[in-house]
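Observations on chain architecture
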Amino acid sequence: MARGSIARSSLHDGPVDADQVLANMGYKSELPRSLSMMSILGLSFAIMAVPFGLSTTLYISLTDGQSVTVIWGWVFVSIVSLSIAASLAEICAVFPTAGGVYYWSAILSTKEYAPIVSWVDGWLGLVGNWTVTLSINFSGAQLILSAITLWNEDFAATQWQTVLCFWAVMLIAFLVNVFGAKYLDLINKICIYWTGASVIIIVVTILVMADERRNAEFVFTHFDASASGWPSGWAWFVGLLQAAYTLTGYGMVAAMCEEVQMPEREVPKAMVLSVAAAGFTGIIYLIPILFVLPNVSELLSVANGQPIGLIFKIATGSAAGGFGLLFLILGILFFAGVGALTAASRCTYAFARDGAIPGSRLWSKVDKRFDIPLWGLVLSTVVDCILGCIYFGSTSAFNAFTGVATICLSVSYGIPILVSLIRGRKAVKHSTFSLGRFGYVINIATVCWISLAIVLFCMPTAIPVTPVSMNYASVVFMGFALISLFWYVVRGRKTFTGPPVPADLEAEHQGQVVGGMGKVTTNGAGEHASSGSSEGRIEPPLKKEE
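For the rest of this paragraph, the subject is the overall build of the chain. Assigned secondary structure in the chain consists of 21 helices and four strands. Going through the 546 residues of the chain one by one, you find that 62% of them count as buried. For the chain, long-range pairs separated by at least 24 residues make up 82% of all intrachain contacts whose partners lie at least 6 apart in sequence. Accessible surface, the chain as shown: approximately 20200 Å² in total, 67% of it carbon and sulfur.

Turning our eyes to something else, we now look at the environment of Gly140. Locating Gly140 in the fold gives a position in helix 7 (residues 114–146). With 29 residues separating them along the chain, Gly140 and Val169 place their C-alpha atoms 7.7 Å apart. Discounting residues that sit within four places of it in the chain, Gly140 has contacts with Phe52, Leu330 and Leu333.

Any two packed helices are characterised by the angle at which their axes cross and by the distance between the axes. Helix 18 (residues 374–387) packs onto helix 7 with a crossing angle of 60° between their chain directions and a minimal axis gap of 9 Å. Comparing their axes, helix 18 and helix 7 come out oblique. Between helix 7 and helix 18 the crossing geometry is right-handed. Packed against helix 7, whose contacting residues are Trp130, Thr131, Thr133 and Leu134, the element helix 18 presents Leu379, Ser380, Val383, Asp384 and Leu387 at the interface.

Turning next to the side chain of Asp64. Its location among the elements puts Asp64 in the loop between helix 4 (58–63) and helix 5 (67–92). Buried and without a salt bridge, Asp64 has Arg214 as its closest oppositely charged side chain, separated by 17 Å. Contacts of Asp64, omitting those with residues within four sequence positions, involve Thr69, Phe223, Ala225, Ser228, Trp230, Ala235, Trp236, Val238, Gly239 and Thr461.

Mapping Arg425 onto the fold places it in the loop between helix 19 (397–422) and helix 20 (439–456). Within the structure, Arg425 has its side chain in polar contact with the side chain of Glu90 (distance 2.8 Å). Arg425 has contacts with Glu90, Ser420, Leu435, Gly436, Gly439, Tyr440 and Asn443, leaving out every residue within four places of it along the chain.

All right, on to the packing of aromatic side chains then. Tallying each qualifying case throughout the model produces 18 aromatic pairs. Taken together, a centroid distance of 6.1 Å and an interplanar angle of 80° make the contact between Trp123 and Phe351 edge-to-face. With Trp123 in helix 7 and Phe351 in helix 16 (residues 319–352), the pair connects residues that are 228 residues apart, well separated along the chain. Assigned by exposure class, Trp123 and Phe351 land together as buried.

For the bond from Ile463 to Pro464, the omega torsion is 0°, close enough to zero to count as cis. Counting through the fold element by element, Pro464 comes out in the loop between helix 20 and helix 21 (473–495). Backbone geometry places Ala49, a non-glycine residue, at a positive phi of 45°. Exposure remark for Ala49: the relative accessible area of 1% places this residue in the buried category. The backbone phi angle of Arg425 is positive, close to 55°, even though this residue is not glycine.

Next up on the list: the nonpolar core. Core analysis: the largest hydrophobic core is formed by 161 residues, its most contacted members being Trp104, Tyr285 and Trp449. Here the element with the most residues in this core is helix 16; it accounts for 18 residues. The contacts of Trp104, once residues within four sequence positions are left out, are Leu88, Ile91, Cys92, Phe95, Thr97, Ala254, Met271 and Pro416.

Let's shift gears to the pattern of salt bridges. Throughout the structure, instances matching the rule amount to three salt bridges. A salt bridge links Arg369 to Asp367, with the shortest nitrogen-to-oxygen separation between them at 2.9 Å. Its relative accessible area of 64% is what places Arg369 among the exposed residues. We classify Asp367 as buried; its relative accessible area is 15%.

As a further point, take helix 15 (residues 308–316). Most of helix 15 is tucked away, with eight of its nine residues classed as buried. Turning to helix 15, its buried residues number three or more, namely Ile308, Gly309, Leu310, Ile311, Phe312, Lys313, Ala315 and Thr316. Looking at the residues trailing helix 15, positive phi occurs at Gly317, about 85°.

For the rest of this paragraph, the subject is the confidence of the model for the chain. For the chain, the mean per-residue pLDDT works out to 81, and 84% of the residues sit at or above 70. Contacts of residues 1–15 to residues separated by more than four positions or lying in other chains number 38 contacts, the stretch itself having pLDDT below 50. Overall, residues 504–546 carries pLDDT values under 50, and its contacts beyond four positions in sequence, including any with other chains, amount to 114 contacts.

The geometry of helix 8 (residues 159–179) relative to helix 18 is characterised by a closest axis approach of 10 Å and an angle of 170° between their N-to-C directions. By the angle between their directions, the pair helix 8 and helix 18 is classed as roughly antiparallel. Packed against helix 8, whose contacting residues are Phe166, Trp167, Met170, Phe174, Asn177 and Val178, the element helix 18 presents Leu374, Leu377, Val378, Thr381, Asp384 and Cys385 at the interface. Of the residues in the contact of helix 8 with helix 18, the class split is nine nonpolar, two polar and one charged.

Once that is clear, we can look at a nonpolar patch on the surface. A grouping of Ile200, Val204, Val208 and Met209 is seen on the molecular surface, where their side chains present a nonpolar patch of about 390 Å² in accessible area. Mapped onto the secondary structure, Val208 falls in helix 9 (residues 184–209).

On to the environment of Val70, then. Here Val70 lies in helix 5. In this structure, the C-alpha to C-alpha distance between Val70 and Ile283, residues 213 residues apart in sequence, is 9.6 Å. Ignoring sequence-local partners within four residues, the contact set of Val70 consists of Leu58, Ser61, Gln242, Leu286 and Leu290.

What counts and what doesn't
Residues numbered from 1 in each chain as written. Predicted model: local features only at pLDDT ≥ 70, side-chain atom pairs only at ≥ 80, totals over all residues. Heavy atoms only, no water. Helix = DSSP H or I, 4+ residues; strand = E, 2+ residues; numbered from the N terminus. Buried < 20%, exposed > 50% of the residue type's maximum accessible area, 1.4 Å probe, protein only. Contact = heavy atoms within 4.5 Å. Areas by Shrake-Rupley, 256 points an atom, 1.4 Å probe, with all protein chains shown as cover. Axes fitted to C-alpha atoms, helices over the stretch in contact; angles between N-to-C directions. Parallel < 35°, antiparallel > 145°, perpendicular 65-115°, else oblique. Left-handed = near helix turned anticlockwise from the far one by under 90°. Lys, Arg positive; Asp, Glu negative; His and termini not counted. Salt bridge = Lys/Arg side-chain N within 4 Å of Asp/Glu carboxyl O. Polar contact = N/O pair within 3.5 Å; in protein donor to acceptor, adjacent residues only side chain to side chain. Phe/Tyr/Trp six-rings, centres within 6.5 Å; stacked < 30°, edge-to-face > 60°. Core = buried A, V, L, I, M, F, W, Y, C linked by side-chain atoms within 4.5 Å. pLDDT = per-residue confidence, 0-100. Nonpolar A, V, L, I, M, F, W, Y, C, P; charged D, E, K, R; others polar. Patch = residues over 30% accessible without salt bridge, like charges linked within 9 Å, V, L, I, M, F, W, Y side chains within 5 Å.

Next up, the structure:
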């Protein structure tokens, strides 16, 4: 379907132009609407990259409880993530824009608080997008180097080797996003099939070839957190970082709303379906691995902190067999790294076009040669490459990257949900993806979990801590907070008014859906404001930084 595709209205018989709806929300459509629901589902699935994410963070749950944390932690977080995804989908169905949670926080707030709420949420979302891309590609670099240990067990990658490999992975993701932009739809779809096939091949291979297997009691009930130093109950919660980090990417795909046909329908559907599919895939992947799990102390002693290659090697009985299975995981890395950088660049573009980032005028430009926000992509890549240098100071830097990504994205998801709750959920009353009578319960549960996650994921995996093993998530988080605060004092408080939203109205007069997209404001009598009425008018977008 061509750009500017037409969607049928859910409230009347007239057609609704997706680009016009975006204009009604205060933005000009600049990106081609070339992505389908399957593509967005593939993108979300790629960012979560279940087999890859679970493999690269396996040491966390093995340290903090082993089987019970691995399996039941995954089930618990999958249910919570499904609740968060459904809550966001409900909002996205009303306001489908690349601004995502940043725009939703503003539109759901009162006019008085919209600027500061959207500023905070925008920066959280931006940092979350950057750091989840960083953590995916950094752990990918570690996994690539870990392949060497399949043949040379004494090999331990130096800090320089790890960082250079990470930069190479980032470069590949950048080049694919630039020169393969027109193939992103195909790439995202292939991801679904590659991931599914990889899980099946790995599961069948290790179950058939492994000489020794654990019993069901070990797989489903064994708990041992002695390696963590934490009390048993708390260790289980700290170990949830493995699952929570893996299941964070679903909300990032809202940044692709302006490149999708009928985004009010396709993006919410992709969010929820991707989490459900990821939860199921994780169970299928984890249970067989626990059945063939070697000695845990041996796995935790692996020099690079990436034991999955050793698990595959022992299960297959050869280094070549182990590498063959590891190669499938590295294939998922390709899709995850490319997809995460795609979403991060769109998030950067959306936030910059409202003047919220230093140098906004440059970062919000769309390159007409490639039809992508090229400079937003450049900024995202450079920031991640710089942050990767933290590894020179701490070999546990990956803990910081995963922690910050999980905290920032979770809180950025939670803010619009909380604002919607405070205002009585009236703005989403007419959403085409309504949670109905369960909305309050689901929203409250998600806000409670996110509040706990802020504390949990600043914790080190094990205690006692040293300067090298400390979880620097709080340090990275505060660093970006200071940058955000500085820019707000220098410029934001003077010029930033948040994204272009209608004049403040009572919440119950907002959220009505036209064609499932956007919203129509209504007057006090509950009638639709006409297109020429000042009540239904949209403020122009904020002038970007010169």
